[in-house]
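# Results of the structural survey
Okay, here's what each chain looks like letter by letter:
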Amino acid sequence: MWSTASVCMLCILFGILCDVKQAHSQPRSAAKLEADIQKVIDQIHSLSGAKDNTRSFRGPSASIEGLDVSAYYDTLSNLYSVFQPLLKDRFVDDLPRTLVCILSGRQDCGLQAELTKTVSLELGKPLLMFVSSLRSQACDGEPNSYLRTYLRMGESATATLDGFQQTFINILSSLSHSRNLISAVSGLVDAAVTYVTKLIAVLLQVPMDFIKIALQFGLRVPYLNGEETCDQGDLKQLLMWGINHNVSWSFGYSIIDIFLEIFLAPEQCTYPGPECQNPPSVPYQRSASEAKDDTDNNHDILLKCDRSNLARLNETLCAEILAGSRTGHSTSVLTFCQELNSLSPNQVERVWSNTCYVIQALVSPLLSRSHDCSAGHAQPWPAVTPSHPLPRSAPHRVAREASNLKQLACNYNSWLGDKAVDVVLVSLCSDNERKEFVRQVCNNASMMRKLLSDQTNSWLYGYCANSTAELGYMVSQLCDYEQWMGQPSVLVDPPLLEFCMNLDSPKLISLICEHTGFFLMLFSNPENGQFMPNCTNFLLPPPPLPDMGSIITDSCQYSEWHDVMQIPTDVLTHCIRLDHSGFMREVCANKTFLNSLLRNEANAWIENHCNTSFNFPRPEPTQPFNIADWCDYHTWGERQVDDSVVGLCWHHDQFAFQRNVCCKAPVLEKMLQDPQNKWLTSACADIDEIEDKAVLPQVCKYSDWTRPIIVDMTELALCAEIDPLNFTSKVCTNDIVLQNLLANQDNTWLLQHCANYSNPEVSPDEDEGQAEGPTGFSSAEQCQYSSWSISLPDAALLALCWEHDQTNFVSSICPNAGLLFMLSREPSSTWVGSMCTTYTNYTTTTTNNNSTTAEPNYCLARSLVNRFNWTCSADLNSACQPGASQNMALQTMVRCWVESLRSRVEDLMTPPVATMLEQAVSTTLVFLLALEEAQNTSLHVTENIRLAVLASVVRYLERENNFDKKRVLLQCFGVVLTSLMQTARDATSDEFFVIKEYFNIPLSSLGSVLSAAHITTVRLILQYYNRNKNRLQLPDKYLSTMVSVLFQKHLVKDGSLFPELAPLLAAATPADIHALPSLQNNINVRETINRNLVHMTLDQRLAFGLWYSKVMTPSNITRGHQSLIRDTGNLIAYLPFHNFQHLSPAQLLDGLDVLQRNTLTSLKKEFIAHSIMGTYRNLTAQDFIRLGNLACLADSEDLLAYKNAEVVRVIRDIAMNCTREGLSLPSHLISSLLLNSTELKDPSSLSPAQLAEVAHLLPSLGVPFLEDLTPSQLHAVLPVLHSVSFSPAQASIIVDKLSSSYTLAAPGRLQELGSLVAGMKTEVLLTLTSDRLLSSLPAMAQRTPGLSPPQANAISTKLWGFPKVVSWLDDVEPLLYWTPLLSVLPRTPLLVKNITTAATKSWNTQQAKAIFREVLDTKPNLIDKDFLSLGTLGQGVSCKVLQARLRAGSSPSSVRRILTFLKQQPGPLHTSLKKCVIEELYQFEFFSKLLKDLGAEIALSMPVSTIKKFPTDLMEDLRKMIIQDPHQFLLLSRTKQELLVDKMAQRLGMYTGVFTEEEFRSLGIMATFVVDEVFIHLDRSFFIHNLDFLQRLCYSSRKMDVVARILQEPAVFGPVNNWNQTTLSQVDRFLFFLPDKKLQEISRALMTVGRIEKLFMSQHQWERGSVGSQCSDMDERRKLFERQQFVLQFFLGFLKINHNSPTPMVPTCEILHTTAPSAWTSSSLTSMSSSAFSNCLELMGHDPFLATYQHRQVLKKVKQMYGPVSSFSQSLISQLGGIALELSLEELSSLRLTERRTIAAMGAVSSWNSRQLAALFGTVLNSTKQSPSQLDSSTLVAMGHIVCGAKTTEINFFNAVEFSKAVLWLGQLRLSCSEEQLQALVELLSHSLAFGSMSAWESDVFIEIGVLAAGLPDMAMSALVKEQIEGITPMAISAIPSDKFAVVFHQTQISMFSYEQAAAVTEEQLSALSDVQRTALAMVLTPWEDRPVDFRGRSLGRALSHSPLCLILGLLMLLIVLPCPELICPGT
C-alpha cells in the first residue's frame, strides 16, 4: 500500500488548488514580498527538520516518519500566495539565470533563488516518496525498475495486453470498407497531424535549445587539432556533429522501428523454417575498440554526473547565440547562455553535476532497482535485448548499475569457494574494477574455469582477450588441445573455440587441418561450423601407400572387437603394420584386452611383440591414406589426371567415381582421351554391378538410421530397390527406424511400401472406402487433431494424417500457432512448419454442409493493409508466416500505416516544423544511445538507424563542398562509419559512396585521414580500389602516399592486410618498403610480392630484396635446401649481394630458371657464372642452354675447358649471341671461340648466310678482313650490315667496294647503307640531286655514327642553296642544327611568312635568334598578342622582349606559362637568356614560388650567391629538380658543382654524424660532390651493399682517394692482400682508385688477363655513359688512365721486378679493344702480328693517351708494313690519326690527301705544330689541285686545324661565303692560329656577302663563329656592347692573346661577362690585367661576398681566405673549361 505521507501530500496539493483565496493575489510591496518569501523558506525548513542552508542535490532522505498535515497545508498556501506576484515580476524569464546560479553553488543568487532551491529540495521529497511507494509495490520479488515492471510482460500483463491487442484488431477488422469513411478518417487524421505537429514544434523549440546545449556540453565532439589528428568519435558524437553542422538526419522511420522493437517486441519463432533465423551461437563480447574505451579515463559517458571533460562554451549553441549569429531563439535561452558565460569552468562542471544529480533523483525510481526489492538475479527486460544475438544457452550480460563501487562485494578470494558466483556481480566488478578484475580473474586459470562453467559468463572470453591480461598464459591454460582430444565426448563450446582461434590461430588451424580426428571432434558441434578454417595451404603431401586408410578404417576398429578369440591373424598383422600406435595404445596397453587375445594360442606372438615395441618404439608411419586427397573429382574436368590415380579412385571409391565420372559425360570424355583409361568404357557401362558392390555399404547405412537424422528420399528408394530383403527387415519391422525416417515428409511412401511387404494379399490399388486408406488407415478415427495439443502424435500417425487427410490437416494444424510451435520442437515433426509455410491454399470445413470450399490463405497484416488500401513496402511474409505473433502483425501494420502517412505528413508540415521535429528525433536517439551505454543493454538503436545514418552522410558528402568538414567526418568518425557499414555483410550503394569519398581526399590531407582509419575501413578502401582502379585513375603521388600510410601505420598492426595491398605495391617507395613489418616468413606475403615484382621498378625490387634479407641471413642461406631459390621465388634474386654471395653452386644451378627471369645486376650475373662454371666441370648442353648469356660472364678458362667437348657448339652459339646483343666478352674468349674458326681464314669463301651470321663481328675482324671481301658478298648482306657500327675507315672500305659494282646514287640506295653512310665520300654526296638527298636524309641522320662534319656541311649547304628549302623543312630538319647560319639568313623572310611551320622545328640558338629578329621586324604584333606561338623559336628571343613579356603579365600564372614555354625548347638555352630570366624574375615578390617552375637548366644558372640564401624548403625544391634532371648539374663547372652541393648540404643539415643512405640517395648525382669531411662518414653498410650503384656516380680525384681508403677499412673489405675473386668483382672499377703501392699488394693469381679486361671494360662502359661522359676533365682522365696503365703493365709482367718475372704477353687486336692501346708498351704493340697490328691501326691512331714515343714506334712498324709514306693509301692515311704527328715535313708533303675524309682525318689532330700545319695545308692544295679561293665549305670543314697552316695572304684568298658556311664547325675547335691568322679569318666573315660589318653583328653571329671571335681587331673588340659580348663563347675568351685581352676589355665590359666566360680567363690573361679589371672579373666569379674573392680552386670544408696573396693564388688555379665536343653544343 502507499504510505500515509504520500496520500496526505496529494490531498494537500489538491486542496490548495481548489481553495485559492482572493487575498493571495493582492499586490504587495517589495519588502513585504521578501519577508513573505523568507517566512515560506523558514516554514519549509521547519517541515523538513533542517534549519541550515547546506543541502545537497544528490536526492531525498530515505523516509519521513511523521507528517503534520496542517503545517503542510499552511506552508503550501503561503508558497502559492508568494509565487503569484513573483510570476508577474519576470520570475519565469529569470528562472534560467536563477537555476544556473543555484546549480553552480554560488551563495549570492538572491532570495528568489533561495526559495526556488528550498522548494526543489524540501518539497520534492514527498513526491519522490510517492513514486518510490509505487515502485515498491511493483517488486513482487523481481528486483527491476518501476518502469520495467509495468512494461514487463508477466503472465497477467501478457493476457491483458493480448486481450487489448485482440480487441484492437477486431475493431480494425470490423471497420467498414466504405471509401467515404476511410476518406473522412484520413481527413481527420490529416487535420490532427497538422495541428499536433505545429503544437509540438512550438512546445519543443525552447526545450530543444536547452537540450542541444546540454548535449553539446556533455558530448565533446571530436575535432582536428593543430597536429591534424583527432580522437575517434562514437555514434552519439557523430549524431551530435551532424546536428551542429546541419546534417539532415532522417530518422523518422528509424525511431518508429526502435519503439516497435521495444514495445512490440516480436516473440521467439514458434515455427521452424528458413524464415526463422536462429540466433548465431556467439556470446556477447565487446570489441577491442569498446574495450579500449572502457579503459579510457576520458571516455565521455553522457549520463555520468562527475565529469571533468565537458566541452567549452564556445563549442556549443551558446556561442552563436551570444555572438548574435543565430536568430529565433527565446529570451530564456539567451539568459541561460549569458549566465553560463559568466561562470568559470569549474562552476560549469558544478552546474552539470548538480543538474545530473537532480535528473537522476527524478528518473531513478523509473529506471533503477528499488532498495525495498530483494536482491536477486535480475531478469532482462524482454523488449530490451543485447546488441548481439545470444544463444539460448548463453544469456546476455545482465543490466546493472553501481553508484558506489565500495559498496560492492568484489571479494575475488571468496569466488573460488563451492558457492556459485552471482553473474551480476561478476559483470559489475568487471566494469568498475577493470584492472583488478583482469589481475584476479583473467590471469587466474582456476577462477576462469569456474566462472566459465556458467555459460552466462561466456562473455569473459572476449573481455579478457581484449584486456591487458597475459594472453600467453590464458592460451596455455584454456586452449589445451591435448585435453580436448583426450575428452572427445565433451563438446568444445563456440566461445572457447573462438577465443583460441583469435589468440592462437596458427597452431589451432594447423591442428584442425592436419588431424582429421581433431577436426571431427571440434565440428561435431554444429555451432562451431562458423570457425571452420580454409585448409588450402595446409595440404600435406600424398602418402606413398594409397590403400592404408580404408584397411585401418574397416579392420582396426578395436572397440568393435567383441569376440577377440575370432579375430584372424591377418587382421592383427595389418593393424600392427598400419596402425602401430593405435594397436599399442588400445591393445598392448590394455592388459585385459591383451589377455583375452592371448587365450588363443595362435596369438602368443603378440605378447612378445608388445614387449619389444615398448622397449624399442618404432617410428610412426606416414599419414593414413585419405581417398579424398587423391580423388578430387571436381577438378578432373579441368586438368590432366594420371591414369594410376584414375585406377586408384576406381578401386577404392567406386560409388563416388561412378557418380562423378561415369555419370558426367564431359569428365568421362576427358578421361578417355588417355589411351590408358579405355577400360573405363566397359567399367562405366556396367552400372548395375557397381551399384550392387558399392552402393549398398555406402548408402544403405541401416545402423545410422536408428538415430534421428534426415535421410534423403532417393537414397531410401535406391536401397528399397536393390536390397529389398534387408530393407524390409531393418526398416519396415523397426518402429524406431521407421519413425526417424518419416521425419522427412517426402518419405511417407514408406508406409505404403512397408504395408505391401507386410500384407502381400492387399493390393496397392484396392480402395476400401473414402475414410480408409489402402492399409486400412481411417483418418476420421485416428486423426483427432483437437487432442494433439494435449498429446502430440507420433511420426507415423502424423505422416499418415498428412498423406490421407491433407485438407483437414492444413485447416486444423496451420492456423493453430500453439500446436504448430509444439510440433516444430520435435525433430520428427519439424517438417510441418515448413509445409504450412509453403502451402498456399488450405481448405476449411463449413458447419452448414459436408462440402469443402477453397479460400485464400488468411493473413491478418496483409488483410488489414489491403482493407485500408495502404501502399506498403514492408515485407509482409514474416508477419504472414504460420505461428507469427500478434506483435509482429501489429509491427507490420504500424510500419505500413506510417509509410502511407509519410508523403501526406511531409506535405502537411512546414519546413520549420519539419526541422524542429527532425532535431527532436535526432536528440532522442542520442539519449537512447546514452541509455544503452549506461544500462549496458540494447534498445536496437544502432541496427535501426544504420542505413539512415549512412544515407544522411552520403547526402551530406554529395552536397558539401568544404573539404575541411568532410575531412572531420572521414577522419574523426571513420571508425563508427565503418562499424555501421559492417553491420550487414551486403554492402549498399551508400556504403560504397562513403568509401569512394576517401579517393577524393586532397593529397595534402590524405596521410592524416588514412592514418586515422580503422583497419576494416582500410580493407574496404582497398577492396573498392581493386575493383575500380581502372576507373579511378589515381595519380602516382596519391597512390604513393596511400601506400606509405598503409605500410607504416596499418600493416604494422595487421599483416593479413598485405595480400589486399598487392595492386598498390608498384606505387610503394623504397623507403616505404624498407619500413615494412617483419612478414618475411608469411608465405602469402612472399607469394604476393613474387607475383607483383614484375610490375615494379628496379629500385622497388631491390628494396624488397633488402627487406627480405633480414630473414635470409648468410647462415640461413647456407643451411637452406638445394631448392631454396625455387622455394623462395623471385624475391631471392634481389637480395643484397652481401647475402646473395652465400648461395651455393648447387642452389644456383637448381634455381637458375627463377634467377634468369628476373633482373640481375652484373655483379650477381658474374657471381652466378663463376660459381657454377667454377664448380661443375661436366655441365651438359642443357645446362648451358639454361645458363644462356650468363655463361659469357664466366672465366674464359672455365669455358674453354669445353673446347674439345660436344657442348662447344652450344657455348659458341651463346658467345655469338652475347656479342650480337652488345655484351663485351674477354678477348681470349672471342678469339678462341669466334674469330679463330677455319671458315674465317678465307673471307672470300664465306657464303652470304655465313657472312650474315658473323656480321656483328666484322668490326672486330678489322680492315684486312673487309678488304678481302668481294662486292657481291657485301651486297648480299647489306641489309644486315646497315645496322652494324663500323669505324669511318671500315665503312669507307665497304662503301668503296659496293660503289665499284653498284650505283649508290640510284633511288633508295642511300637508305640501304644505314650506318655505312659514314663511309660515303663527300665528293659523291655533292654530286647527288636534291631529290636523292631529301629522300635519304631522314634515314641517314638516324644512324649512329651519323654523318661526318664535311658530309653534313656538304648536304646542308647544297639543300639550303635552293629557295624551295623552306617547303622542305620536314625533310631537312635532321640537319637543321648543323646548317650554317649564313645559309639560313637569306631564307628568314620566307620562314617568317610560314611561321607556323618554322615554329615547330629544331633550330639551333643562333638560327632561332636570326629568325626571331626577322619576326620582330616584320610581325611585332605576333609577339605582343601570341608570344607563346613562337614555339621552338623561343630560344632566340632577346632579353629585352622577354623582360617586356614578363612584366606585361606579371601574375604568377602568366610567368609560369612563359617558363613552361622556355623549358620546352628543343636545345639548351643560351647563357645570356637564362641570366636574363633570373635577373628579371628576381625582382618579383613571388620569385621564391617560381623555383619549381624554372626547371633545372634555368635554376642552376643562378649565381651561388643567390642559391646560398635559399631557405630549407627552396633548397629542397632545387634538390628535387636536380635529381629529376641530373644532366644539367653535370654540365656545370666543377667549382660551381662543389659550391652548390656544399651550400645544399649545409642547409639540409648533413654536416653532422653519419652520412646516411637516406641523405646520400636524397642528393642523387650530387652525393659525391659533398665535402670530403662529410663523404668520409658515409654509412659503411650502405657502401658495401650498394657498390654497383656507387660505381655509376662521378668522383673527383680527391673523392677517388677517399673511396680507396674506405675500401681498405676492416669493416669493408680489409687489406687488399686479403681480397678474393668475389671482392674484386664487387670493387670492380673502384680498383683503379687505389694507389700504386696498394695495387701491388693484390694477389697476382687473382689479376688474370680476363679480370684486367673486365676492369677496363667496366671503366669504358662508365665513361661512355651519361655520367662518365660529363664527369671528368682531361687532367682527371689522364690520372685515372695512368692508374689503369699501371695495373695492366704490372700484373701482365711488363714492369719486371726481377728476372723471374713472367714474359710479357703480346696483345691481340681483340684485347686492345677491351683495354686500350696506350695501356700497353710500345714494344708489345710492335710485337703484334701483322694482321692484328693492321686490324688495330685505326684504334691506335685515335687513342688520345698514346704517348709520343709510342707514336714513333708504331709509325715505324707502319712504314715497315706499308712502305714509304708517299705510297700510303687514302684508307691507311685515315687510320693514322695521331700517329701521323711523327711524320717529317717531307713525309707530310708527300702524302696524297685527295679525299675530304682523308683530309678530315688529318685535320682532326689538334697537336700539329705550325710547320706541320703549313706542310699539310700545302699538301691539301697540291693533292686536290685547288687554289685557296677554290676551297669550298665542306673542304674547309674537313681541313679543321689545318686551316691554321694557311698563310695570311692565302687566307685572304679564301672564298668569304664558303668560309662563313664552314665557321660553324671551325669555331668549335681550339685553333692554334696566330693572331694575324685569326684576324684575317675574321675579316673574311665581315665580308658584305657574309655577315657584314663587325659593328652590326648580333649575338647570333658571335655564337656561330665561336673561337674565331678572338680574332676581332682591337678597335672592334673594345667597342663591343653587352648583347655582342653575351655571344662570345668561353673558348673564344680564352683564345684572346693576353696582352690584347688587357687592352681591349674595359672593366665595365668585363663586368658584363657571364660566370662561364669569366671562368675561361687564363692565367696569362689574368696576369696582364690591372687591379680594376681584376676586381671586375672577381665580382663576376664571386658575387656572393661583395668583395673580390675568387673561390675557384677552393678547398672545400676549410675557411675562406681573403688576403691578396690568396686571391692571386686562387686565380692562378682556375679550372680549365674544356670545349664542348664536336657536333654537340656549338651554341653554348
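Here is a short report on the structure shown in this document.

Calculation criteria
- Residues numbered from 1 in each chain as written.
- Predicted model: local features only at pLDDT ≥ 70, side-chain atom pairs only at ≥ 80, totals over all residues.
- Heavy atoms only, no water.
- Core = buried A, V, L, I, M, F, W, Y, C linked by side-chain atoms within 4.5 Å.
- Buried < 20%, exposed > 50% of the residue type's maximum accessible area, 1.4 Å probe, protein only.
- Helix = DSSP H or I, 4+ residues; strand = E, 2+ residues; numbered from the N terminus.
- Contact = heavy atoms within 4.5 Å.
- Arc of directions from axis to C-beta.
- Expected span 1.5 Å × (residues − 1).
- Disulfide = S-S within 2.5 Å.
- Axes fitted to C-alpha atoms, helices over the stretch in contact; angles between N-to-C directions.
- Nonpolar A, V, L, I, M, F, W, Y, C, P; charged D, E, K, R; others polar.

### Description of the nonpolar core
If you look at the biggest cluster of nonpolar residues, it comprises 397 residues, and the most contacted ones within it are Phe1104, Phe1184, Trp1403, Leu1518, Phe1529, Leu1631 and Phe1854. Looking at which element gives the most residues to this core, the answer is helix α48 (residues 941-959), with nine residues. Not counting residues within four places of it along the chain, the set of residues in contact with Leu1631 comprises Leu1624, Leu1639, Ile1642, Met1647, Leu1655 and Val1687. With 43 residues, the next largest nonpolar core counts Met448, Leu460, Val475 and Leu478 among its residues.

### A closer look at helix α45 (residues 860-867)
Looking at α45, one finds that the buried residues are Leu860, Ala861, Leu864, Val865 and Arg867. All buried residues of α45 project into a common sector of 160° when viewed along the axis, lining one side. Immediately downstream of α45, the backbone of Asn869 shows phi near 55°, a positive value.

### Side note on unusual backbone geometry
A positive phi is found at Asp1628, a non-glycine position, where the angle reads about 50°. Following the sequence through the fold, Asp1628 ends up in the loop between α96 (1621-1627) and α97 (1636-1639). The class for Asp1628 is buried, based on a relative accessible area of 17%. For Lys1825, which is not glycine, the phi dihedral falls at a positive 55°. Within the secondary structure, Lys1825 sits in the loop between α109 (1810-1824) and α110 (1833-1839).

### Observations regarding the environment of Ala874
In this fold, Ala874 is placed in the loop between α45 and α46 (886-908). Taking relative accessible area as the criterion, Ala874 reaches 24% and is therefore assigned partly exposed. Along the backbone, Ala874 and Met893 are 19 residues apart, and their C-alpha atoms lie at a distance of 9.2 Å. Filtering out sequence-adjacent residues up to four positions away, Ala874 remains in contact with Cys896 and Glu899.

### Topic: helix α84 (residues 1452-1463)
Taking 1.5 Å of rise per residue, the twelve residues of α84 would be expected to cover 16 Å, and the 16 Å separating its terminal C-alpha atoms lies within 8% of that figure. Within α84 the residues assigned to the buried category are Ser1454, Val1455, Ile1458, Leu1459, Phe1461 and Leu1462. In a view along the axis of α84, the buried residues occupy a sector of 155°, so they form one face of it. Buried residues along α84 sit against α83 (1439-1448), α85 (1471-1481) and α86 (1491-1499).

### Topic: the state of the cysteines
Taken as a whole and assessed by the stated rule, the structure comprises 13 disulfides. In this model, Cys700 is linked to Cys719 through a disulfide, with the two sulfur atoms separated by 2.0 Å. One disulfide, between Cys700 and Cys719, carries an S-S torsion of -110° and so falls in the left-handed class. Of the two residues, Cys700 is situated in the loop between α35 (687-699) and α36 (713-722) and Cys719 in helix α36; the sequence distance between them amounts to 19 residues. Take Cys700: its relative accessible area is 7%, and that puts it in the buried class. Looking at Cys719, the relative accessible area reads 0%, which means it is buried. Put simply, Cys1594 and Cys1671 are joined by a disulfide, and their sulfur atoms are 1.8 Å apart.

### Comments concerning the packing of α83 against α84
The geometry of α83 relative to α84 is characterised by a closest axis approach of 9 Å and an angle of 145° between their N-to-C directions. Packed against α83, whose contacting residues are Leu1442, Arg1445 and Leu1446, the element α84 presents Val1455, Ile1458 and Leu1462 at the interface. A class-by-class count of the residues in the contact of α83 with α84 yields five nonpolar, no polar and one charged.

Nothing here speaks to function; it is all geometry.
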